[in-house]
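Close look at the chain arrangement
Below are the chains, spelled out letter by letter.
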Amino acid sequence: MLTIPLLHATYNFNVKDHSFSALAGHSYQKIFLQGRGWSINKFPVGQIEPIYNPAIGQELTLANNKPSGYALINELQSFFSRVNYSYQNKYLATVNFRMDGSSKFGANNKYGYFPSFSLGWRITEEDFMKNSPFSNLKLRAGWGQTGNQEIPSKITQPLFTSTVSSTTSYPLAATGAYPAGTIYSRLANPDIQWEVSTQTNVGLDFGLLKGKLNGSVDYFRKISNNILLEVIPADPVQPAGTFWTNVKDMTITNSGLEVELDYRSSTRSGLKYGFGGNVAFLNNVVEKSPYSVIQSGSASGSGLTSATINGYINNQPIGTFFLKEWTGLDANGLSTFRDVDGDGIISDKDRVALGTALPKVIYAFFGNLEYKGFDLVVNFNGVSGNKIYDNTANASFYKLKLSKNVNTTPEAIALAKESVNNAAPVSSRYLKDGAYMRLNNLALGYSFDTRSKPIGKWISGLRLSVTGQNLFVVTQYNGYDPEVNADRTINGISSYGIDMLSYPKARSVVFGLNLTF
Amino acid sequence: MKNKIILLLATGVLTLTQSCTKLKETILDESSVTGLTEKQIADGTIAPVYAQLPNIFLHTNLFALQEISTDEAILPYRGGTDWGDNGIYLSLHRHQTTSTDPNVRNTWNFITQSLSRAVSAVSSLQSSKDPNAKLYIAEARGMYAFYNLLALDLWGVIFVKEDPGQVSKIVRGTEAVEYLKKVLLEVEPQLDNTTGPGRLTKAAVWGLLAKLHLNAAVYNDRYAASFTFKPEDMDKVVEYTGKIISSNVYALSPDYWAIFNDNNHDNKEHIFAVDQRADLNGHNRMAYFSLSGDQFPLPAYTGANGTDGPAITPDFYRSWVNAYTPTDPAQADPRFYKKNVVVDPVTQEACYDAASYRIDRGILRGQQYGLQRVNGVFLKCPDGKFKVGKIYNVTRSRPTTPVVHTEQVDFTTAGSDYSTGFRVEKYEFSQKSVSGRNFGEADISIIRLADVYLMRAEAKLRKGDAAGALTDVNAVRTSRSATGVGRSLSSIDLDGLFRERGFELYWEMHRRTDMVRFGKYEGVWTEKNDADKNKRVFPIPQTAIDGASNLPGYLKQNPGY
């Protein structure tokens, strides 16, 4: 449940060439989440759908069907004000100030203060641009701060519970009731506060060829600090294995260049056409982390569960794969790895940063045509510069696993000299290039001109179309689909680029007939 | 105009100060405990200190680390479907365990969490007015030493943390040994001797002190080419084991198997044990782990079976055969095997009452017999009793392959089949275990009297008193009068004593420690030829190393990992 009362007041006035508008407001959000769980087991196979009569389930005991539930309230309160100013509609300036408060943070740190400024210059409004080829030219620049409060609720408050359970209680006497054991379930971090991102951006909008060609170029740079992460305490002797904190000094910088172009035109013969696209070049880097690695994605599969796949590493992007580098097989057909530190032992000290799950380039382009009732639309999209960890192959399709079984995959048996007893630990062997280009959408349609025909009395529109989605993907990735993100989150930190039994995208072709009466 | 702007901003500020909410976090679904009595608080503080013992003494945790790494147990990738776990059990046996091994991490986590609970208990019980508070403080501090002793043995480190607010000091080697001695000696006078075996008693601390002195040579100089057992340490072992033996509170069990039965809590052999209760914390993993997946030991539960986990290595089996040849070990030593299921030699079948039916115990060889499960129910004889006969690999979809445990077990495809290897059923399969995994009843031994006698024998032997050592070894060998008296030995040396510890204490989570102390851990046995001394301790889990990387030099990985 989400409640959002919003109050604000605006005021506009103009003096000659100066135009002002000011706004001040207050917003309040209350998020109430709750859930309950019950279970009933052992439904007989029969005609009755269990949903219509849960009582036919044969097992309903408190031990095996323990009810569960949770409820939480988060509140967000913001005060904000904004002043817009423009001079002759040529020079534009905006000043924002917000104060955001969240119930998730400690009493001393509930509020974050986030100013921002932006400036704009409509160059085409200038006299000297009157005969220029530009139909539109605008320069923009801005600076601002925003806050992030994405942590679980109740982090500022400790929880100690007293329960009789197998992990908290113990018999203190030969007979009698078991004592309820009191333990810390959560350590409080009363000082946890807003993560702050400071963004600077510069952009240029332009229109050329009498508005046929439009586009924009944007550069941005966002630096986040006071990063909110769940980390493992240095001292292993702790009541709880992890705690949430603002990682001191650490910054994450995300910068990039975005270009967008769009061309539309038509000919006298009635051919209308357009094409365009956008591309973003991205760069991400973690700096001044006090840790060698803060894990963000863990492997799954039996025997693999405590291995890191990716994490936050200094001078690398987030989602960086941190793995032992597989170098092939030895004479016995067992895997070998690069001994990075040269100590003669292959261990986790030999893990290296081997690329990231974040693409360096994201792009999309499109085209459309319309001619005498025919219309054609095509859309491509893709990414490059990223890697994918094929956890599916690592956990299920390795030679040792398949050798004593009946199934196989070409990848598992690709190396004839690999021993059937070769273990498959997490390593770069299963790290693959994640670049792809997808024909996302292709649609061809024809609209009959019914109005000019006698039938137009009854049918005002008739259209035939065929639409294909995900028609092909160009990629070197040999898993199901390069667009993956199985959530392998550990410690509440998002994971990226790990393929674990991801369901592939469907390919569909839809034939349509539209009739309008 | 200007006035209006100011007015507007002023309204803004006014709203700021009159916040509509204080943003105080409302907690709806949990509450921290309040309103407990002094006794409830004291009991509730000491119980969690012990509570993770069943999880530490678990088949995949301490058991795997202490046994599968040795010649006593091997766990192949059964049939290509079971216990594969990406090769972690193969690596463990070959001494190629890495710092990301999940079982090493889980054991570490349970031990460090228990340490933390012990430190918190010592601190919070200081202000308690409960009459038991003083005893509980001594127990919590003693358990702090016990968990640290486990960490010292497994990873070569202890955590010195005298106060919950302090960051643990990581200590290794002699300093660690001396610190643990000091703590154990401090708590010993405060402890009771009537609260065992499930809780830490005076005698349990004597046992821990004996263990600490016996292994001090190893703990002081872990990677030594050969260990130097100081006479004064051996004297301490003799002193502390002597205190236990002469207390006359404990007795060697005439029935060897009774030590491991469901109702073993009152068996006088136990000095310190994990107190398991079926209705609270008990697991049946010790009995379940090695047993065939087609062995259903309980007439009451058709879902309770084994799992075809580890077997003993042929090398360990040969140590029994070589000791007693030409007599079969089952005839020669009451600790090797106990036959419970007797079938007709011709029909290979028998009929049993539900109440009196028990499966065989000890080391299981050859064709296995058991209840006949067909379509989810057990077959019965015409007289209504339960039918018992040869069992087959039905649950493995090989209904015509009988469950025949062979001596050969290794990592080849043939040696990794479901039934390969001789199995161990030392603990009784809990009569209450509905799933075969849960509801364990038997206490799991940590220190028992036979171990105490054998520790004293070893200390005497290391000091050159072979006659005294022989007396202690034979005291144990001849004590099992209810299950067939074992033969006395006429002489004893260190190899003989090591073998004797294997015969008496097999699969009781001592083997790795014993092999290291007797200099045999770098030896060669089935599927194992690694001779790296660095493997005498396990790697510190990578999660802990990475977690501590913000304090450079604080938690260093062990050499060789």
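Read on for an overview of the structure. The shown structure was predicted, so the numbers you read here are calculated from the model rather than taken from an experiment. (Residues numbered from 1 in each chain as written. Chains lettered and ligands numbered in written order. Predicted model: local features only at pLDDT ≥ 70, side-chain atom pairs only at ≥ 80, totals over all residues. Heavy atoms only, no water.)

**Thoughts on helix α14 (residues 449–462) of chain B**
Residue and element names in this part refer to chain B. With 14 residues, α14 ought to run about 20 Å at 1.5 Å a step, and its terminal C-alpha atoms sit 20 Å apart, in line with that. In terms of burial, α14 is largely enclosed, as 14 of its 14 residues are buried. Just beyond α14, the residue with positive phi is Gly464, at close to 95°. (Helix = DSSP H or I, 4+ residues; strand = E, 2+ residues; numbered from the N terminus. Expected span 1.5 Å × (residues − 1). Buried < 20%, exposed > 50% of the residue type's maximum accessible area, 1.4 Å probe, protein only.)

**Looking at the pattern of salt bridges**
All names here are of chain B. Evaluated as defined, the whole model comprises 61 salt bridges over all chains. Residue Glu139 pairs with Arg199 through a salt bridge whose shortest N-O separation is 2.6 Å. Here the residue Glu139 occupies a position in helix α7 (residues 133–155), and Arg199 occupies one in the loop between α8 (173–187) and α9 (202–220), the gap between them amounting to 60 residues. Side by side, Glu139 and Arg199 carry an identical accessibility label, which is buried. Glu162 is the salt-bridge partner of Arg141, the closest N and O atoms lying 3.1 Å from each other. With Arg141 in helix α7 and Glu162 in the loop between β1 (158–160) and β2 (169–171), this pair connects stretches of sequence that are 21 residues apart. (Salt bridge = Lys/Arg side-chain N within 4 Å of Asp/Glu carboxyl O.)

**Quick word on the pairing of strand β10 (residues 195–208) of chain A**
Residue and element names in this part refer to chain A. The pairing of strand β7 (residues 134–148) with β10 spans 14 bridges and is antiparallel. Bridging across to β10, Gly142 finds its partner in Asn201. In the sheet, β10 pairs with strand β11 (residues 213–231) via 13 bridges, with the strands oriented antiparallel. Bridge assignment links Gly207 to a residue of β11, and that residue is Asn214. (Pairing = 2+ DSSP bridges.)

**Topic: the sheet that holds strand β19 (residues 352–356) of chain A**
Residues and elements named next belong to chain A. The strand order across the open sheet built from four strands is β14-β15-β16-β19, with neighbouring strands paired in antiparallel fashion. With partners counted over all chains shown, the strands left at the sheet margins are β14 (294–298) and β19, one partner each. Here the strands of the sheet are splayed against their neighbours by 40° on average, with no regard to which way each runs. Note: strand β15 (residues 308–312) against strand β16 (residues 320–323), two bridges, orientation antiparallel. (Axes fitted to C-alpha atoms, helices over the stretch in contact; angles between N-to-C directions.)

**What about the packing of α14 of chain B against helix α16 (residues 494–505) of chain B?**
All names here are of chain B. Here α14 crosses α16 at 175°, and the two axes come no closer than 11 Å. In terms of orientation, α14 lies roughly antiparallel with respect to α16. On the side of α14, the interface is formed by Ala450, Asp451, Leu454, Met455, Ala457, Glu458, Leu461 and Arg462, while α16 contributes Leu494, Leu497, Glu500, Arg501, Glu504 and Leu505. For the contact of α14 with α16, a count of residues per class yields eight nonpolar, no polar and six charged. (Parallel < 35°, antiparallel > 145°, perpendicular 65-115°, else oblique. Contact = heavy atoms within 4.5 Å. Nonpolar A, V, L, I, M, F, W, Y, C, P; charged D, E, K, R; others polar.)

**Observations regarding the environment of Leu115 of chain B**
One can find Leu115 of chain B in helix α6 (residues 102–124). Through-space distance from the C-alpha of Leu115 of chain B to that of Phe146 of chain B is 9.0 Å; in sequence the pair is 31 residues apart.

**Some points on unusual backbone geometry**
Residue and element names in this part refer to chain B. Look at the link from Gly196 to Pro197: it is a cis peptide, with omega at -5°. Structurally, Pro197 is set in the loop between α8 and α9. In this chain, Thr325 is followed by Pro326 through a cis amide linkage whose omega measures 10°. Secondary-structure assignment places Pro326 in the loop between α12 (314–324) and α13 (329–332). Phi at His95 takes a positive value of approximately 65°, unusual for a residue other than glycine. Assignment of secondary structure puts His95 in the loop between α5 (88–94) and α6. Judged by its relative accessible area of 4%, His95 is buried. Residue Gln348 is not a glycine yet carries a positive backbone phi of 60°.

**Brief notes about α16 of chain B**
Each α-helix turn comprises 3.6 residues. Residues three or four places apart therefore point the same way. All names here are of chain B. Over its 12 residues, α16 extends 16 Å from the first C-alpha to the last, a length consistent with the 16 Å expected when each residue adds 1.5 Å. The element α16 is extensively covered by neighbouring structure, given that nine of its 12 residues are classed as buried. Listed in full, the buried residues belonging to α16 are Gly496, Leu497, Phe498, Glu500, Arg501, Gly502, Phe503, Glu504 and Leu505. Considering only its buried residues, α16 is in contact with α12, β16 (444–448), α14, α15 (466–477) and α17 (511–517). In the segment just after α16, Trp507 is the residue with positive phi, at about 65°.

**Observations regarding the interface of chain B and chain A**
Each partner contributes to the interface: chain B provides 84 residues, whereas chain A provides 84 residues. Summing both sides of the interface, chain B and chain A together bury roughly 7,100 Å²; the carbon and sulfur share of this comes to 58%. When residues of chain B are sorted by the area they lose upon contact with chain A, Leu23, Glu25 and Asn86 of chain B head the list and together hold 12% of the total. Here chain B and chain A share two salt bridges between them. Ionic pairing is found between Arg351 of chain A and Asp546 of chain B, a salt bridge with its closest N-O pair at 2.9 Å. Here chain B is connected to chain A by 19 residue pairs in polar contact (both at pLDDT 80 or more). Of all the secondary structure elements, the ones that give two or more residues to the side of chain B that touches chain A are α1 (2–17), α2 (38–51), α3 (53–56), α5, α6, β3 (270–274) and α18 (542–547) of chain B. The element best represented in the side of chain B that touches chain A is α6 of chain B, accounting for eight residues. In terms of residue class, the side of chain B that touches chain A is made up of 34 nonpolar, 32 polar and 18 charged. (Buried area = accessible area lost by both parts, 1.4 Å probe. Polar contact = N/O pair within 3.5 Å; in protein donor to acceptor, adjacent residues only side chain to side chain.)

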